[in-house]
Amino acid sequence: QVQLVQSGGGLVQAGDSLRLSCAASGRTFHSYAMGWFRQAPGKGRELVAAINWSGDNTVVADSAKGRFTISRGDADNTVVLQMNSLKPEDTAVYYCAADPGTVLLGRARYWGQGTQVTVAS
């Protein structure tokens, strides 16, 4: 069984930065595509960014382009989301996702527990 453990998040002011990390543990027999989704109050879950297993192919949502970057972590099956120039509309619960194939459709095999990001205006 694979578990995703997230770290990071918190309360920041507009314009600040945060870094979210996610690590897969357990019986990780594959190299996983990984990514981040977020869900704001009253809204559905949306893709923020995703990265393939090798780290050479990334997708970033239009709302985050130029501000957020996704990268593979130093350890196998880890992922980092660097969030710069945060805006109040970035406020949401952020979820890590991993899948042996793709996470782009929001149907990833594994999900993290979620972490709150709050950006004060």
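Residues numbered from 1 in each chain as written. Predicted model: local features only at pLDDT ≥ 70, side-chain atom pairs only at ≥ 80, totals over all residues. Heavy atoms only, no water.

Brief notes about the overall build of the chain
Secondary structure summary: the chain contains zero helices and eleven strands in total. Taken from N to C terminus, the helices and strands of the chain fall in the order β-β-β-β-β-β-β-β-β-β-β. Here the C-alpha atoms of the chain give a radius of gyration of 13 Å, agreeing with the 14 Å that 2.2 N^0.38 yields for 121 residues. Taken over 121 residues, the chain has a buried fraction of 43%. Contacts spanning at least 24 positions in sequence make up 56% of the contacts within the chain whose residues lie at least 6 apart. (Helix = DSSP H or I, 4+ residues; strand = E, 2+ residues; numbered from the N terminus. Rg over C-alpha atoms; globule rule 2.2 N^0.38 Å. Buried < 20%, exposed > 50% of the residue type's maximum accessible area, 1.4 Å probe, protein only. Contact = heavy atoms within 4.5 Å.)

Regarding the sheet that holds strand 1 (residues 2-7)
Ordered in space as 1-3-8-7, the four strands form an open sheet in which the pairing is antiparallel. Two strands close off the open sheet at either side, each with one partner strand: strand 1 and strand 7 (68-72). Pairwise comparison of adjacent strand axes, ignoring direction, gives a mean angle of 15 degrees for this sheet. Bridge count for strand 7 against strand 8 (residues 78-83) is five bridges, and the pairing is antiparallel. By the bridge assignment for strand 8, Phe68 is matched with Met83. (Pairing = 2+ DSSP bridges. Axes fitted to C-alpha atoms, helices over the stretch in contact; angles between N-to-C directions.)

Some points on the nonpolar core
If you look at the biggest cluster of nonpolar residues, it comprises 29 residues, and the most contacted ones within it are Leu4, Trp36, Leu81, Met83 and Tyr94. Sorting the residues of this core by element identifies strand 1, strand 3 (18-26), strand 4 (33-39), strand 5 (46-51), strand 7, strand 8, strand 9 (92-99) and strand 11 (115-120) as the ones contributing at least two each. Of all hydrophobic cores here, the second largest spans five residues; its members include Phe37, Ala97, Val103 and Ala108. (Core = buried A, V, L, I, M, F, W, Y, C linked by side-chain atoms within 4.5 Å.)

A word on the pairing of strand 11
Only one face of strand 11 is buried, namely the one carrying Thr115, Val117 and Val119, since none of Gln116, Thr118 and Ala120 on the opposite face is buried. Of the pairings in the sheet, the one linking strand 2 (residues 10-13) to strand 11 comprises four bridges and is parallel in character. Bridge assignment links Leu11 to a residue of strand 11, and that residue is Thr118. As defined by bridge partners, strand 9 adjoins strand 11 across three bridges and the pair is classed as antiparallel. Across the sheet, Val93 pairs through a bridge with Gln116, a residue of strand 11.

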